Amino acid sequence: EFIVSEKVDEMYVALHIDNIDIINKLVGICEHHMVRIKFIPDFQLYTKSNKVEVTFYENTPVLMFRREPLEFTVNRLLKKAFDLCFSFGVIMFIFPWLFPILMLIIKIESPGPVFFKQERSGRDNKSFTCLKFRSMSVNKHSDSKQAAKGDARVTKVGSFIRKTSIDELPQFFNVFFGDMSVVGPRPHMVNHTRQYTELINNYLVRQYAKPGITGWAQVNGYRGETKELIDMENRVDYDIWYIENWSLLLDVKIIYRTINNVFKGEENAY
């Protein structure tokens, strides 16, 4: 009677599945009176999150805990193409003249290799060898201790290339060979990943994406040493936000802000 008197066009059913008899009656009434019926799934049974997204596996509706644009093949291909073109450009036009200069200066100032290689956590928490220009004197704590302000291990040229992020340039080879992306969550040392996984529940969510040379957390001030646990928690929140809101335009915005920060100088770059 209500449907007829109020000329209802659509009905939304938010009843629990336990009320299946009532739901079936409503379906019959709606279809008999040419009313479209729609169902609101009771996802509150699984999570209180407001980020839930509905997708389909063939004809079966599926609730996703969070939106991940890079789960779609076309977006992954777009990001991959951008990474390849960008990294190839840096390798071809910057490395040929910058590498010999840095190699000479690094070698003159302190003994040791030109490149610093370190195992870091990548996508799906698989480790890879991350490359950097060596900015510290060779030491036994490099795989366990973060660089701190006034760190005695940092060389004079190392201080400059860290401040300007030049030490990160070799990671464009990591990008070109597929271990990293130009933009993404920064890769952490493997032992730090183990440590923070125990301290922060959603820490490993950041490993859903390829690590980046720069990232959303970094351009929002969360770069360098994490002195307090809250610093890492905030960095993880920014990394997860990036994963949930990725777009090529966002990557371009982050790259622009990164370059701008390099020229302005960053307080946490040491």
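The structure contained in this document is the topic of the report that follows.

About the criteria used
- Residues numbered from 1 in each chain as written.
- Predicted model: local features only at pLDDT ≥ 70, side-chain atom pairs only at ≥ 80, totals over all residues.
- Heavy atoms only, no water.
- Core = buried A, V, L, I, M, F, W, Y, C linked by side-chain atoms within 4.5 Å.
- Buried < 20%, exposed > 50% of the residue type's maximum accessible area, 1.4 Å probe, protein only.
- Helix = DSSP H or I, 4+ residues; strand = E, 2+ residues; numbered from the N terminus.
- Contact = heavy atoms within 4.5 Å.
- Arc of directions from axis to C-beta.
- Salt bridge = Lys/Arg side-chain N within 4 Å of Asp/Glu carboxyl O.
- Axes fitted to C-alpha atoms, helices over the stretch in contact; angles between N-to-C directions.
- Parallel < 35°, antiparallel > 145°, perpendicular 65-115°, else oblique.

### Points about the nonpolar core
Counting residues in each nonpolar core, the largest one holds 30 residues, and the members touching the most others are Leu102, Phe133, Ile166, Leu169, Phe172, Tyr242 and Ile254. Top element by residues in this core is helix H4 (residues 95-109). It accounts for four residues. Contact partners of Leu169, with chain neighbours within four places excluded, come to Val90, Ile94, Phe95, Leu98 and Phe133.

### Some words on helix H7 (residues 190-199)
Residues of H7 that are buried: Val190, His192, Thr193 and Tyr196. Buried residues of H7, seen end-on, are gathered within an arc of 150° and therefore sit on one face of the element. Turned more than 90 degrees off the buried face of H7, the exposed positions are Arg194 and Glu198. Buried residues along H7 sit in contact with strand S5 (115-121), strand S6 (127-133) and helix H9 (229-244).

### Things to note about the pattern of salt bridges
Enumeration over the complete set of coordinates arrives at six salt bridges. For Lys132, the salt bridge identified is with Glu168, shortest N-O distance 3.8 Å. Here Lys132 is found in strand S6, whereas its partner Glu168 is found in the loop between helix H5 (156-163) and helix H6 (171-176), with 36 residues between them in sequence. No difference in accessibility class separates Lys132 from Glu168, as the two residues are buried.

### A look at the packing of helix H3 (residues 73-93) against helix H10 (residues 248-264)
At a minimum axis separation of 10 Å, H3 and H10 run at an interaxial angle of 30°. One element, H3, and the other, H10, form an angle in the roughly parallel class. Counting all contacts with H3, which are made through Leu78, Lys79, Phe82 and Phe86, the residues of H10 involved are Leu248, Asp251, Val252 and Ile255.

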